[in-house]
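# Remarks on the overall topology
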Amino acid sequence: MTGHLHFDRHAQRDFFVADILDAAPKDDLASMEHPIFALKSGDRRVRVYERKGVTVTIKPGHDGCATIHDKDIWIYCISQLVEAINRGREDVGRVVRFTAYDFLVTTNRQTSGEGYRLMGEALARLSGTRIETNIETAGKRERAGFGLIDSWRVIERDKDDKMVAVEISLPDWLCRSVKAMHVLTLNRDYFRIRKPIDRRLYELARKHCGTQSKWCVTTKVLHEKSGSRDAIRNFRMAVKMLAESDELPDYRITFNQEDDAVTFYAKAPKGAIAQIRDVLRSSQK
């Protein structure tokens, strides 16, 4: 053996290394709009969602349907890819390699052995859950079926056999959406939201408020868009409890009993102004 350097083992890399620790959380618009992820663990039902010409069928795998907490892995990968694209990196692709520890810290999860175990279970559910949909991404609409992730593998373990580095192959459908920048930035406190339904309500508020001051929607439509399987009276109570807590990042929630409608106001000056105007308008009726 001659020379002072090892040969380059990764000269022809076909994967993207997720190593941007300060990447802002990003989510894709399609999965924010449509209830792809289950709100309850252990959900093994085939779920069908239809609205305005879009159909989504979610079929569970052996380990059940991927949940909205499992979606953190999607969000982490999307965030890394978007930040890399913004920085002009050329190695962005559908195969993402990252360290489990960085993921656990970024998504506010425990870094004990239990955290690694739960991450492994989430990967199994994401791989097993199958989606059939005609959602358009990057201007392309097709009837297609795919897993929430195509595949995953542990490529490095520590002395305690905990996963250290993981490699995930994302579906083309998601990669098209990311490369077309069909994404929105999430508040970092999103990962602190405990209840699945509260996470889903944040997603919907973020998607539909956008840069607007508010979003008003009937409870019936919100219930449908959330994908909740609870009776609407229980769903209504969950919304009221969240509104009373005022703990949803970025948004205040009000419930109009008379119209059975919910309004999300941005927690910013424009949202406060819109809410004051609505209160004054209501008092003049």
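Below: a short report on this structure. (Residues numbered from 1 in each chain as written. Predicted model: local features only at pLDDT ≥ 70, side-chain atom pairs only at ≥ 80, totals over all residues. Heavy atoms only, no water.)

Quick look at the packing of helix H6 (residues 196–209) against helix H7 (residues 219–226) now. Between two packed helices, the angle of one axis relative to the other and the distance separating the axes together describe the packing. Interhelical geometry of H6 versus H7 gives an angle of 110° and a closest axis separation of 10 Å. Considering their axes alone, H6 and H7 lie roughly perpendicular with respect to each other. Along the contact surface, H6 presents Ile197, Arg200, Leu201, Leu204 and His208, while H7 presents Leu222, Lys225 and Ser226. When grouped by side-chain class, the residues that make up the contact of H6 with H7 number four nonpolar, two polar and two charged. (Axes fitted to C-alpha atoms, helices over the stretch in contact; angles between N-to-C directions. Helix = DSSP H or I, 4+ residues; strand = E, 2+ residues; numbered from the N terminus. Parallel < 35°, antiparallel > 145°, perpendicular 65-115°, else oblique. Contact = heavy atoms within 4.5 Å. Nonpolar A, V, L, I, M, F, W, Y, C, P; charged D, E, K, R; others polar.)

Attention now moves to the state of the cysteines. According to the stated counting rule, one finds zero disulfides in the structure shown. There is no disulfide at Cys65, and the cysteine sulfur nearest it, in Cys77, is 20 Å away. Cys77 carries a free sulfur, and the closest cysteine sulfur to it, the one in Cys175, is 9.2 Å from it. Under the relative-accessibility criterion, Cys77 is labelled buried at 1%. (Disulfide = S-S within 2.5 Å. Buried < 20%, exposed > 50% of the residue type's maximum accessible area, 1.4 Å probe, protein only.)

End to end, helix H8 (residues 232–245) covers 20 Å across 14 residues, agreeing with the expected 20 Å (1.5 Å per residue, within 8%). Listed in full, the buried residues belonging to H8 are Phe235, Arg236, Val239, Leu242 and Ala243. End-on view of H8: buried residues confined to an arc of 125°, all on one side of the axis. When the buried face of H8 is taken as reference, the exposed residues oriented beyond 90 degrees from it are Arg233 and Glu244. (Expected span 1.5 Å × (residues − 1). Arc of directions from axis to C-beta.)

With that out of the way, let us pick up the packing of aromatic side chains. The final tally for this structure, using the stated rule, is 10 aromatic pairs. An aromatic cluster is defined as three or more aromatic residues linked by ring pairs; in this entry it consists of Phe37, Trp74, Phe146 and Trp173. A cation over a ring is seen here: Arg199 above Tyr190, with NZ or CZ 4.8 Å from the ring centre. (Phe/Tyr/Trp six-rings, centres within 6.5 Å; stacked < 30°, edge-to-face > 60°. Lys NZ or Arg CZ within 6 Å of the ring centre and 35° of its normal.)

The two faces of the sheet receive side chains in turn, since in a regular strand these alternate between them. Here five bridges tie strand E3 (residues 47–51) to strand E4 (residues 54–59), and the two strands are oriented antiparallel to one another. Paired with Arg47 across the bridge in E4 is Ile58. Here E3 hands over to E4 after two residues, with Lys52 in that stretch at a positive phi of 50°. (Pairing = 2+ DSSP bridges.)

Evaluated as defined, the whole model comprises two cavities of 30 Å³ or more. Its boundaries defined by the atoms lining it, the largest cavity holds a volume of some 60 Å³. Lining of the largest cavity is provided by Ile20, Leu21, Ala23, Ala24, Pro25, Tyr76, Ser79, Gln80, Thr106 and Phe191. With three residues, helix H2 (residues 71–86) is the single largest residue contributor to the lining of the largest cavity. Across the lining of the second largest cavity, the residue classes tally to four nonpolar, two polar and two charged. (1 Å grid on protein atoms, 1.4 Å probe; cavity = no way out; pocket = protein on both sides within 12 Å on 5 of 7 lines; lining within 4 Å. Points joined across faces, edges and corners; volume = space filled by probe spheres on them.)

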